[in-house]
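# Fold and contact review
Here are the chains, one letter per residue:
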Amino acid sequence: MKNIYIDFDGVIMDTNRVTYDMLDRLEVDKSDSEKMSEFYSNLNWKKILTLTPIINDAFGCMKKLYASGKCNLAILTHVNSVDEAIAKINFIRKYMKDVTIIPVPRELSKTKMCSTKDSILIDDYSGNLIEWEKEGGIGVQFSTDLSKDKGFPVIDKLDCILDMKFAEKE
Ligand SMILES: [Mg+2]
């Protein structure tokens, strides 16, 4: 059984687009890390999640992965606050009752929270994938734009992972 860790923002939910639109409206300078961290720490995540579209049937795909019996699934998501972790967990639980959810404090690498060796991380942010592969894991980039070479295998729908060779090995 392969361990598959799935990112939340930008993979399951389109929260990046929703929050970036808010930042634009509020005219927050995105290169100002202090302002950005303040913005994300104070966000009303419960409300944000009700406004955010699910990406490409992510929960349906995860149920399919789960039902395949080929992998252990977990959601691995960076959080800026305890409120964000609680809102995300409550939201995910409406769709999936028993998937493992690992909130990762923003200041820590995702590699510090779980066993990375030979495990797959599906993430939209290449920085996370680079760290993951350094720790012996397998990085798969999630993007709705398949046209650009990103240095990692790219998928635009979570169930596509079942068609990849490494997922069938075990
Ligand atoms: Mg992400």
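Along each chain, residue indices are assigned from 1 in the same order as the chain's sequence is written. Residue-level local features of this predicted model are given only where pLDDT is at least 70; pairs of side-chain atoms are given and counted only at 80 or more, and the full residue set underlies all totals for whole chains, interfaces and linings. Only hydrogens and water are set aside; all other atoms, that is, all heavy atoms of the structure, feed into the side-chain values.

### What about the coordination of the magnesium ion?
In the first shell of the magnesium ion, the protein supplies Asp7 (OD), Asp9 (O) and Asp124 (OD), at 2.1 to 2.2 Å from the metal. Coordination here is defined by N, O and S atoms within 2.8 Å of the metal (3.2 Å for Na, K and Ca), and since water is not considered, a site can look incomplete. Mapped onto the sequence, the donors of the magnesium ion take the spacing D-x1-D-x114-D.

### A closer look at the sheet that holds strand β4 (residues 120–123)
Pairing between strands is defined by DSSP: at least two bridges between them are needed. Only DSSP runs of H or I reaching four residues or more are called helices, and only runs of E reaching two or more are called strands; each is numbered from the N terminus. The 6 strands are arranged β3-β2-β1-β4-β5-β6 in an open sheet whose pairing can be described as parallel. Two strands in the sheet have a free side with no partner beyond their single neighbour: β3 (100–105) and β6 (154–155). On top of the sheet, helix α5 (residues 82–95) reaches β2 (71–79) and β3; it is set at about 145° to β2, its chief contact. Contacts are assigned to residue pairs that have any heavy atoms within 4.5 Å of one another. Every angle, taken between N-to-C directions, lies between 0 and 180 degrees, and every axis is a line fitted to C-alpha atoms, over only the stretch in contact when it is a helix. Lying on the sheet, helix α6 (residues 126–134) is in contact with β1 (2–6), β2, β4 and β5 (138–142); it crosses β5 at an angle near 170°.

### Some words on unusual backbone geometry
Unlike most non-glycine residues, Glu27 shows phi in positive territory, near 55°. Structurally, Glu27 is set in the loop between α1 (15–25) and α2 (33–42). A positive phi angle is found at Asn56, which is not glycine, with a value near 40°. Mapping Asn56 onto the fold places it in the loop between α3 (45–51) and α4 (58–68).

### Things to note about the pairing of β5
Each residue gets one of three labels from its accessible area relative to the maximum for its type: buried under 20%, exposed over 50%, partly exposed in between, using a 1.4 Å probe on protein chains only. Across the 5 residues of β5, 4 count as buried, placing the element largely inside the fold. Of the pairings in the sheet, the one linking β5 to β6 comprises 2 bridges and is parallel in character. Bridge assignment links Gln141 to a residue of β6, and that residue is Val154.

### So, α2
All of the buried residues along α2 are Met36, Phe39 and Tyr40. In a view along the axis of α2, the buried residues occupy a sector of 90°, so they form one face of it. In this structure, α2 carries Glu34, Glu38 and Asn42 as exposed residues pointing more than 90 degrees from its buried face. The secondary structure elements touched by the buried residues of α2 are α1, α3 and α5. Two N or O atoms count as a polar contact when they lie within 3.5 Å, although within protein this holds only if one can serve as hydrogen donor and the other as acceptor, and sequence-adjacent residues are included solely when both atoms are side-chain atoms. Two to three positions downstream of the cap, the backbone nitrogen of Glu34 sits 3.2 Å from a side-chain oxygen, assigning the N-cap of α2 to Asp32. Taking the helix axis as origin, the arc is that swept by the directions to the C-beta atoms.

### Regarding the layout of surface pockets
Cavity means a closed set of points on a 1 Å grid over the protein atoms alone, one where a 1.4 Å probe fits but cannot get out, pocket means an open set with protein on both sides within 12 Å along at least 5 of 7 lines, and lining means a residue has an atom within 4 Å of a point. Grid points are joined across faces, edges and corners, and a volume is the space filled by probe spheres set on the points. If you add up the space inside the largest pocket, you get close to 730 Å³. The wall of the largest pocket is formed by 25 residues, among which Tyr40, His78, Asn80, Arg106 and Tyr125 lie closest to the centre. Looking at the lining of the largest pocket, the elements with two or more residues in it are α1, α2 and α6. When residue character is reported, Ala, Val, Leu, Ile, Met, Phe, Trp, Tyr, Cys and Pro are called nonpolar, Asp, Glu, Lys and Arg charged, and the others, Gly included, polar. Along the lines of polarity and charge, the residues of the lining of the largest pocket split into 6 nonpolar, 10 polar and 9 charged.

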